[in-house]
Amino acid sequence: MLATTRQRKHSYLKNLLVPGIAIGALCYFAFHALNGKLGLVGRPQIEHEILALELELDELREERLQLQRRVMLLDPESLDPDMVDERARASLNLAHVNEVAIMRN
């Protein structure tokens, strides 16, 4: 008895499976490249946040410099008599005899 080879019909679905998966993956990545958080649509928002944070950083650096200057005035090696007088009056709630005190809420 001879063994016969069984031949199957080629399915069109098998031929479309790999290209279909490839197209699906391509569409997925293309969508997220455009609409994702880091995509083309989200990029201007990120740039806007960067500018706002840089402005805030500049303000904080300026405030830090001002505070450093005040601290330098309170340094024991270079005491400024006016700064010592100001800090003593503020912390002790004292005023000079010749001064007029104005009370604020």
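- With an unreviewed UniProt entry as reference, the protein is termed Cell division protein FtsB, source organism Pseudovibrio ascidiaceicola.

### As for the overall build of the protein
- Of regular secondary structure, the protein possesses three helices and zero strands.
- In the protein, the succession of helices and strands from N to C terminus is α-α-α.
- For a compact globule of 105 residues, the expected C-alpha radius of gyration is about 13 Å, and the protein comes in at 38 Å, more than 25% above that figure.
- Based on the C-alpha atoms only, the size of the protein along its principal axes is roughly 130 × 30 × 20 Å.
- In the protein, which comprises 105 residues, the proportion classed as buried is 4%.

### Topic: a nonpolar patch on the surface
- On the surface, a nonpolar cluster with roughly 320 Å² of combined accessible area is contributed by Leu 17, Val 18 and Ile 21.
- Tracing the chain through its elements places Val 18 in helix H1 (residues 12-35).

### Considerations on a negative patch on the surface
- On the surface, a cluster of negative charge is contributed by Glu 54, Glu 56, Asp 58 and Glu 59.
- Its place among the elements puts Glu 56 in helix H2 (residues 43-73).

### A short note on H1
- Over its 24 residues, H1 extends 34 Å from the first C-alpha to the last, a length consistent with the 34 Å expected when each residue adds 1.5 Å.
- Of all bends in H1, the biggest is about 30 degrees, found at Val 18, and the proline Pro 19 comes one to four residues later.

### Quick look at the pattern of salt bridges
- What the rule picks out here adds up to three salt bridges.
- In this structure, Arg 43 and Glu 47 form a salt bridge, with 3.6 Å as the shortest nitrogen-oxygen distance. In this pair, Arg 43 and Glu 47 both sit in helix H2, four residues apart, roughly one turn of the helix.
- For Glu 47, a relative accessible area of 42% puts it in the partly exposed group.
- Measuring nitrogen to oxygen at the nearest pair gives 3.0 Å for the salt bridge that ties Arg 89 to Asp 85. Pair noted here: Arg 89 and Asp 85 are both in helix H3 (residues 81-92), with a separation of four residues, about one helical turn.
- Residue class for Asp 85 comes out partly exposed when judged on its relative accessible area of 35%.

Reading guide: rules and limits
Residue positions within a chain follow its written sequence, with the count starting from 1. The predicted origin of the model limits local features to residues at a pLDDT of at least 70 and limits the giving and counting of side-chain atom pairs to 80 or more, whereas totals for whole chains, interfaces and linings rest on all residues. Side-chain measures here rest on the full set of heavy atoms in the structure, leaving out hydrogens and waters. We count a stretch as a helix when DSSP gives it H or I for four or more residues in a row; a strand needs E for two or more, and each element gets its number in order from the N terminus. Throughout, radius of gyration means the C-alpha value; the globule benchmark is 2.2 Å times the number of residues raised to the power 0.38. Only protein chains enter the accessibility calculation, which uses a 1.4 Å probe; a residue whose area is less than 20% of its type maximum is buried, one above 50% is exposed, and one in between is partly exposed. Like charges are joined within 9 Å and nonpolar side chains (Val, Leu, Ile, Met, Phe, Trp, Tyr) within 5 Å, but only among residues with over 30% relative accessible area and no salt bridge; these make up the patches. Accessible areas in this description were obtained via Shrake-Rupley with a 1.4 Å probe; residue shielding takes into account the shown protein chains only. Salt bridges are identified by distance alone: a Lys or Arg side-chain nitrogen within 4 Å of an Asp or Glu carboxyl oxygen. Charged residues are defined here as Lys and Arg on the positive side and Asp and Glu on the negative side; His and the ends of the chain fall outside this count. For the purpose of locating charges, the reference atoms are NZ of Lys, CZ of Arg, CG of Asp and CD of Glu. Here a helix's expected span is defined as the number of its residues, less one, multiplied by 1.5 Å. The angle between axes fitted to the seven residues ending at a residue and the seven residues starting there is what we call the bend at that residue.

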